[in-house]
Amino acid sequence: MKKLKWWFIGVGVFYLLLAAMNLYFVLLNPSFVEGSIKFPFPTTPDTIQAFVDGWSPFAFEVFAIATFCLWAARSPRRYIGAVWLLVWLELWHGIVDDLYLIARGYSAVNYIAFIVVHLIIIVTGVWAARAAQAEAAA
């Protein structure tokens, strides 16, 4: 279960850092987005605020995943099934969505970097979950 525990901790810490960055601009500084994301369309203060409002569910979701992973690391055997859900989310909410955003004109370099991170989380999650399932079966 040590592999699974460390996977939960690693993913939890990564998501916590991602949540801090996202919640910073969602809750405290919406104008931060203007300088950090190259939009494929003209922006105004209203479109930036609309973007931030639409982004807010993602920011809160990332925080929820982070705190869940850190909590699940305390007793990873109980949450092996959650790994498969998180892997599935990484595939669809991560890789497929990043490909969609690239197709819509957002920075391919930035999103390809995140696709690599999603792939690392997926591969290590499958590895840790399989190891934990084999250990639980033994």
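The coordinates are above.
This write-up is about the structure you can find in this document.

Each value, and the rule that gives it
Residues numbered from 1 in each chain as written. Predicted model: local features only at pLDDT ≥ 70, side-chain atom pairs only at ≥ 80, totals over all residues. Heavy atoms only, no water. 1 Å grid on protein atoms, 1.4 Å probe; cavity = no way out; pocket = protein on both sides within 12 Å on 5 of 7 lines; lining within 4 Å. Points joined across faces, edges and corners; volume = space filled by probe spheres on them. Helix = DSSP H or I, 4+ residues; strand = E, 2+ residues; numbered from the N terminus. Nonpolar A, V, L, I, M, F, W, Y, C, P; charged D, E, K, R; others polar. Axes fitted to C-alpha atoms, helices over the stretch in contact; angles between N-to-C directions. Parallel < 35°, antiparallel > 145°, perpendicular 65-115°, else oblique. Left-handed = near helix turned anticlockwise from the far one by under 90°. Phe/Tyr/Trp six-rings, centres within 6.5 Å; stacked < 30°, edge-to-face > 60°. Buried < 20%, exposed > 50% of the residue type's maximum accessible area, 1.4 Å probe, protein only.

### Quick word on the layout of surface pockets
The space that makes up the largest pocket amounts to roughly 670 Å³. In terms of lining residues, the largest pocket is bounded by 28 residues, among which Asn22, Trp55, Phe58, Tyr111 and Phe114 are the most central. Of all the elements in the fold, those that place two or more residues in the lining of the largest pocket are α1 (2-28), α2 (32-36), α3 (45-72), α4 (80-103) and α5 (108-137). Ranked by the residues each element gives to the lining of the largest pocket, the list is headed by α4, at eight residues. Among the residues forming the lining of the largest pocket, the class breakdown is 16 nonpolar, seven polar and five charged.

### Describing the packing of α4 against α5
Two elements in contact, α4 and α5, have axes whose closest approach is 9 Å; the angle formed by their N-to-C orientations is 165 degrees. Between α4 and α5, the crossing angle belongs to the class labelled roughly antiparallel. In this structure, the crossing between α4 and α5 has a hand that is left-handed. In the contact of α4 with α5, the residues fall into 20 nonpolar, four polar and three charged.

### Details of the packing of aromatic side chains
For the coordinates displayed, the defined rule picks out 13 aromatic pairs. On the basis of an interplanar angle of 65 degrees and a centroid distance of 5.5 Å, the ring pair of tryptophan 7 and phenylalanine 8 is categorised as edge-to-face. A residue is classified by how much of its surface remains accessible, and phenylalanine 8, at 0% relative accessible area, is buried. For the pair tryptophan 71 and tyrosine 79, a centre-to-centre distance of 5.2 Å together with 50 degrees between the ring planes defines the contact as tilted. Residue tryptophan 71 is classed as partly exposed on the basis of its relative accessible area, which comes to 41%. Joined through ring pairs, the aromatic side chains of Tyr24, Phe25, Phe32, Phe51, Trp55 and Phe58 make up one cluster.

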